[in-house]
Amino acid sequence: MSSITVLGCMWGDEGKAKIVDFIGAQADVVARFQGGANAGHTIVLAGKKYVFHTVPSGILYPETKCVIGAGTVIDPFGLRDEMQSLMAQGIDFTDRLYIDERAGLVLTLHKQLDQKSEESLGLEKIGTTGKGIGPAYSDQAARCALRIGDLLYPEWLEQRLDNFYKYHQLTLSAAERNEEIKALQEAGNFFAPYIVQTDRMLRDWYSEGKNILFEGAQGTLLDLIYGTYPYVTSSHTVSGGVCVGTGFPPRWLDNFLGVFKAYTTRVGAGPFPTEIEGPLADQIRKAGNEFGSTTGRPRRIGWFDAVAAKYSASINGIDSLAITLLDVLTGIPKLNICTNYLIYNQKLPGFVSHPMELEKVQPNYITLPGWETDISNVQSWEDLPKEAKQYLEAIQDLLKLPVKLVSVGQERHQTIVVKGKV
Ligand code: IMP
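The text that follows walks through the structure, step by step, so that each part is easy to find. (Residues numbered from 1 in each chain as written. Predicted model: local features only at pLDDT ≥ 70, side-chain atom pairs only at ≥ 80, totals over all residues. Heavy atoms only, no water.)

## Considerations on unusual backbone geometry
Spelled out, the test is: Every helix listed is a DSSP run of H or I at least four residues long, and every strand listed is a run of E at least two residues long, numbered separately from the N terminus.
Here Tyr229 and Pro230 are connected by a cis peptide whose omega angle stands at 10°. By the secondary structure assignment, Pro230 is in the loop between β10 (211-215) and α8 (240-246). Even without glycine at this site, Leu325 takes up a positive phi of about 55°. Checked against the element boundaries, Leu325 lands in the loop between β16 (320-324) and β17 (334-343).

## A few points about the site of the ligand
We apply this condition: Near, as used in this document, describes a residue that has one of its heavy atoms within 4 Å of the molecule or strand being considered. Each polar contact in these results corresponds to two N or O atoms within 3.5 Å; when the atoms are within protein, one needs to be able to donate a hydrogen and the other to accept it, and residues that are neighboring in sequence are counted only if both atoms are side-chain atoms. Surface accessibility follows the Shrake-Rupley procedure with a 1.4 Å probe radius. Residue values consider only the protein chains on display as shielding. Here the nonpolar group is Ala, Val, Leu, Ile, Met, Phe, Trp, Tyr, Cys and Pro; Asp, Glu, Lys and Arg are the charged ones; every other residue, Gly included, is treated as polar. The split of the chain into domains comes from an automatic or database domain assignment.
Taken together, 17 residues sit near the ligand, with Asp13, Asn38, Thr129, Thr233 and Arg297 positioned nearest. Between the ligand and the protein, one listed contact pairs a nitrogen atom with a side-chain N or O atom of Asp13 at 3.0 Å. Relative to its unbound accessible area of 470 Å², the ligand is 96% covered by the protein chains. Broken down by class, the residue content of the shell around the ligand amounts to seven nonpolar, eight polar and two charged. When residues of the shell around the ligand are assigned to domains, at least three map to each of domain 1 (2-102 + 196-417) and domain 2 (104-193).

## Quick look at the environment of Gly69
Stated formally: Three labels apply to residues, based on accessible area from a 1.4 Å probe with only protein chains included: buried if under 20% of the type maximum, exposed if over 50%, partly exposed otherwise in between.
Secondary-structure assignment places Gly69 in the loop between β5 (65-68) and β6 (73-74). Gly69 sits in the buried class, given a relative accessible area of 0%. For the pair formed by Gly69 and Ser235, sequence separation is 166 residues and the distance between their alpha carbons is 13 Å.

## Overview of the pattern of salt bridges
Test applied: The term salt bridge refers to a side-chain nitrogen of Lys or Arg lying within 4 Å of a carboxyl oxygen of Asp or Glu.
Tallied over the full model, the rule gives 16 salt bridges. Between Asp199 and Arg102 there is a salt bridge, with the nearest N and O atoms lying 2.8 Å from each other. Highlighted residues: Asp199 in helix α7 (residues 198-207) and Arg102 in the loop between β7 (97-100) and β8 (104-105), separated in sequence by 97 residues. Where Lys182 meets Glu186, a salt bridge forms, and the shortest distance between an N and an O atom there is 3.5 Å. Taken together, the residues Lys182 and Glu186, both in helix α6 (residues 174-191) and four residues apart, mark about one turn of the helix. Judged by its relative accessible area of 39%, Glu186 is partly exposed. Through salt bridges with shared partners, one network takes in Asp13, Lys261, Glu290 and Arg299.

In structure tokens, the structure reads:
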């Protein structure tokens, strides 16, 4: 029995889904513990594309069980669409998908509030995905939110919905109220076979010797507390979030794999010390298809930031690294890695999370030679060009953590396992 936690360690979009899919072969269970439909990724399997927002991508392995944990927030209509389109592609969810009854609901009002709040902030906006994530989590803290388990109790559902609108000081017309209740009850009927209390199941599976994989969404620098607040998401993306979001005991978290892109990206607003702009950023954006999978927004591009990476690795207790999208750097003659931050020429001891400080820091870089050869079909560490190895070794040395996996393309087979299995 073992558990592995796979975490995005920067500002999200590190290619976690590809890594989860790759090591998912060894997992009996894949569980999500935070976030909602703000996440988005596509898995390419045998040339076929599968789109995921809330369903754990482990569902692509027919024997693997998947859990959507209590710490997530679910847009019931979005998740139903997602599941129905995966069903149409042949995915069977019966006795394989378990949704915790305590997962929060994202209602239509949450999405409207998210969008309105962004509009009113104007230039100061967070740059959210508009999926209602912040308002849904705020309402949980305010105890007026509904949870997915509420959909199974018609009278309770009506009462909770009325209280929800009272809290927001809104009055629905009778027709609007009936329509929303009807839609939620229909969604409830759809989800009924999947709604359970998943914490006990996860603990039982672990005790029975099963391998459990916890799949993070977004990234450490988007964590509500430890990220670059306020330019963050509203959930706990760090390793500590696993326990709260699934009811799994901390002492049973055995192994932490940190996923980093070979360079850095960020969507949405907020300071980004190693950001680059111009033709090189455009080249990387194009080669890496760096456009948000949920919103289609172009992602901001930057060099690998070992200062932020070290912070993230230490907050999460990362054991080993997965470096993704290395192939995207092919053909760039010189590659920079940020080794430390300076403010007014003074070297800082590490990462700074306050935006007023982070936007002032000057990154200090080491520059390494790039490589020209196509690496997208390389299958082993030995076959990588020496410059690519040197680049990965520099990351390894700066973070003092071993690189265990290197991804050189979208497909499962385009993954190099370094020094044995993860
Ligand atoms: P929210 O999670 O939609 O509230 O957005 C808050 C911040 O997190 C914004 O900067 C988003 O761009 C960012 N964000 C949310 N989800 C993702 C993701 O899956 N990948 C990258 N950034 C994300």
